[in-house]
Amino acid sequence: MGGLRPKTAQRPTRGEGGPAGRETPSNLNDKIRVCVRKRPLSGKEKAKGDKDIVQPTGSRSLAVLEPKVKVDLTKYIEESRFTFDEVFDEHADNTQVYARTAKPLVEYIFGGGNATCFAYGQTGSGKTYTMMDTHNGLYIQAAEDLFALLRQPGNQHMQAFVTFYEIYLANLFDLLNDRKKLFAREDASQNVCIQGVREVLIQSPEDLMSVFEYGHSCRSTGSTGANADSSRSHAILQIALKDMSGRRPVQHGKLSFIDLAGNERGADRGDSANKQTMMEGAEINKSLLALKECIRALDLNKRHQPFRQSKLTQVLKDSFIGNSRACMIATISPNTSNSDNTLNTLRYADRVKAMKSNGSAGETEPTGVGSDEYCDTGLDDPAYEDDPKERAQEAATDAGYEWGAAYGRGPVHGSARDAFREEDEYELVGEADDEFATAGTTYG
Ligand code: ADP
Ligand code: MG
C-alpha cells in the first residue's frame, strides 16, 4: 500500500483547488488564464500498450500518476497534482475549449484591448489541433464570433486584417508572402511594427480560412533553403481590428493566436546533436522563458517588461502592455512514455499561474493603455535591467527546471538575454516611421 502513496506532490492543490467537488469556477475575464488540455491516447499509443496516466480530478485540477521503480525494484506510483484555471479532458472538443479560452478574448478586443491565446506543449500534444485546425481550430471559431460582432451597429466602422508569420531561430518569415524575411522595428513611440508584413483584409470567416490555408501551406514548404520543421518554429496569426472612419486606419484591438514551437527536449526527438538542433533548442528555450516572464510582468503590471529576451516576446510587445489579456492552453499527451514532457509542460504552466497569485502588492505599478513610460524603453539600451533580486530568484527556480541541458548546451536561463544581443536585428527607426504606413497593407 505504501507504494501507492504519492511520493511527492508538485505544489499540492493551491487556492480553491482541493477535492473536486469544492472547486469554484474560474473567472473567464481574468487578465491571465492558464488552462490545460489533455488529448486522448492515439491509436498508435494504444497499440503499443501505452497507458493513460493523466487523470483530470475536477474542472480545474488533474493528477499525473507516473509508474516508477525504486532501486530495490519495488514499483510505486508517483503522483503529481496540479490546479489551473481550467482543465479540459480528452472528451472536450474544440468548441468547448473555445468557449472557455478564446471566446472571452474576442469580446475583449472590441473594447480596444490586445489579447493573446497561446498553445504550449510538446510536439504531438495537440497545439496545432487546438489553435489552427482548419475545421474548428480556435482561430476559426474566433473569426465567426468576430464577424458577428463586426456586423453589429456600433462596430460597422471597423474592419479586420490578418497577418500570419513564423519565428524560426529568431528570424521572422511572412507566411502570407512566400516566407519573405521580415524585420521588427520599434518606432519613436516604442511601438513595435513588423516592417513589410503582408496584412490582408478579411471580410468573413471563409476569407480567414483561405488566407490561413495559403499561409499554412507556405509554412511547411517554405522557399528559403534549409527548411525548418514546423514544430521548431512559432506560428503567429494575428487579427487586427481597425477603425476605418478616419483618414487612415487606426488599430482598435488585436487578437493573436500562437502555435508555439514544441517544448520537448532535443533528446526526446531522437536528433543527433547537430549545431542546427542545438541552436533551435536554445532559441526555443529562450523564447519560452521570456514568454513566461512577460506574462508574469503583464499580470503584475510591472514597470520593466522583459520583451527583449526573445524575438517572440519582442514582436508581441504590444500584447504585454496596457490593456492586455492572455490565455495559455498547455496541451499534454496522456501516455506513460511522454510523462517527462507532460510534467515539464505542467510545471511551466503551473509557474505562470503561480506568478499570477504570488505577486506581492508592493511589486505592482499602475499601467494604462499605451503608457510607454512603464515599458522597457529603447531596445538598444545596454543598461536595460530589471529587478536583480527577482531575477536571481527566477534563475534559482529555473535552475531546477529540466530544459536546456538536453539540447547539449547546458541550461540557457541565465544567459538568455546576452544570447539575444548577438543577433539582435532591432533598430530604432526615424520619427516618420508610422505603424500603418510601413505595414505594406493589402486592402482587399
Ligand atoms: P502539436 O501541434 O502539438 O505537435 P498536433 O496538434 O499536430 O500536435 O496533434 C498531434 C496529433 O494528435 C494529430 O494527429 C491530432 O489530430 C491529434 N490530436 C491532438 N489533440 C487532439 C484531441 N484533443 N482530440 C483528438 N485528436 C487530437
Ligand atoms: Mg503543431
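Now for a description of the structure that goes with this document. (Residues numbered from 1 in each chain as written. Chains lettered and ligands numbered in written order. Predicted model: local features only at pLDDT ≥ 70, side-chain atom pairs only at ≥ 80, totals over all residues. Heavy atoms only, no water.)

### Quick word on the overall build of the chain
Within the chain, the secondary structure is distributed over eleven helices and 15 strands. A total of 444 residues make up the chain; the buried ones form 55% of that total. Within the chain, counting contacts between residues at least 6 apart in sequence, those at least 24 apart form 75% of the total. For the chain, the computed accessible surface area is about 18200 Å², with 51% contributed by carbon and sulfur atoms. (Helix = DSSP H or I, 4+ residues; strand = E, 2+ residues; numbered from the N terminus. Buried < 20%, exposed > 50% of the residue type's maximum accessible area, 1.4 Å probe, protein only. Contact = heavy atoms within 4.5 Å. Areas by Shrake-Rupley, 256 points an atom, 1.4 Å probe, with all protein chains shown as cover.)

### What to know about the pairing of strand E14 (residues 324–332)
The buried count for E14 comes to nine of nine residues, which makes it a mostly enclosed element. Where burial is concerned, the two faces of E14 agree: the one with Ser324, Ala326, Met328, Ala330 and Ile332 and the one with Arg325, Cys327, Ile329 and Thr331 are both buried. As defined by bridge partners, strand E1 (residues 32–38) adjoins E14 across seven bridges and the pair is classed as parallel. When the bridges of E14 are listed, Cys35 appears paired with Ile329. Where strand E6 (residues 114–120) and E14 come together, seven bridges link them in parallel fashion. Note that in E14 the partner of Asn114 across the bridge is Ser324. (Pairing = 2+ DSSP bridges.)

### Quick notes on the pairing of E6
Here E6 lies mainly inside the structure; seven of its seven residues are buried. Where burial is concerned, the two faces of E6 agree: the one with Asn114, Thr116, Phe118 and Tyr120 and the one with Ala115, Cys117 and Ala119 are both buried. Bridge count between E6 and strand E13 (residues 250–259): six bridges; the pairing is parallel. When the bridges of E13 are listed, Cys117 appears paired with Phe257.

### Thoughts on the site of ligand 1
Neighbouring ligand 1 are Arg37, Arg39, Pro40, Gln122, Thr123, Gly124, Ser125, Gly126, Lys127, Thr128 and Tyr129. Thr128 places a polar side-chain atom, nitrogen or oxygen, 2.7 Å from an oxygen atom of ligand 1. The contact in question runs from an oxygen atom of ligand 1 to an N or O atom on the backbone of Tyr129, over 2.7 Å. Starting from 560 Å² of accessible surface for ligand 1 in isolation, the protein chains cover 66%. No other element matches the three residues that helix H4 (residues 127–132) contributes to the shell around ligand 1. Partitioned by chemical class, the residues of the shell around ligand 1 number two nonpolar, six polar and three charged. (Near = heavy atom within 4 Å. Polar contact = N/O pair within 3.5 Å; in protein donor to acceptor, adjacent residues only side chain to side chain. Nonpolar A, V, L, I, M, F, W, Y, C, P; charged D, E, K, R; others polar.)

### Structural notes on unusual backbone geometry
Phi at Leu73 is positive, roughly 70°, even though this residue is not glycine. Within the fold, Leu73 resides in the loop between strand E3 (61–69) and strand E4 (75–83). Take Leu73: its relative accessible area is 67%, and that puts it in the exposed class.

### A word on the environment of Ala240
Note that Ala240 resides in strand E12 (residues 234–243). Ala240 sits in the buried class, given a relative accessible area of 4%. It is 8.3 Å that separates the C-alpha atoms of Ala240 and Thr163, two residues lying 77 residues apart in sequence. Filtering out sequence-adjacent residues up to four positions away, Ala240 remains in contact with Gln159, Ala160, Phe161, Gln251, Gly253 and Lys254.

### Details of the pattern of salt bridges
Tallying each qualifying case throughout the model produces 16 salt bridges. Glu186 serves as the salt-bridge partner of Lys317, at 3.5 Å between the closest nitrogen and oxygen. Residue Lys317 is found in the loop between helix H8 (311–315) and E14, and its partner Glu186 is found in strand E9 (residues 180–186); the two are separated by 131 residues along the sequence. The exposure class of Glu186 is buried, given its relative accessible area of 0%. (Salt bridge = Lys/Arg side-chain N within 4 Å of Asp/Glu carboxyl O.)

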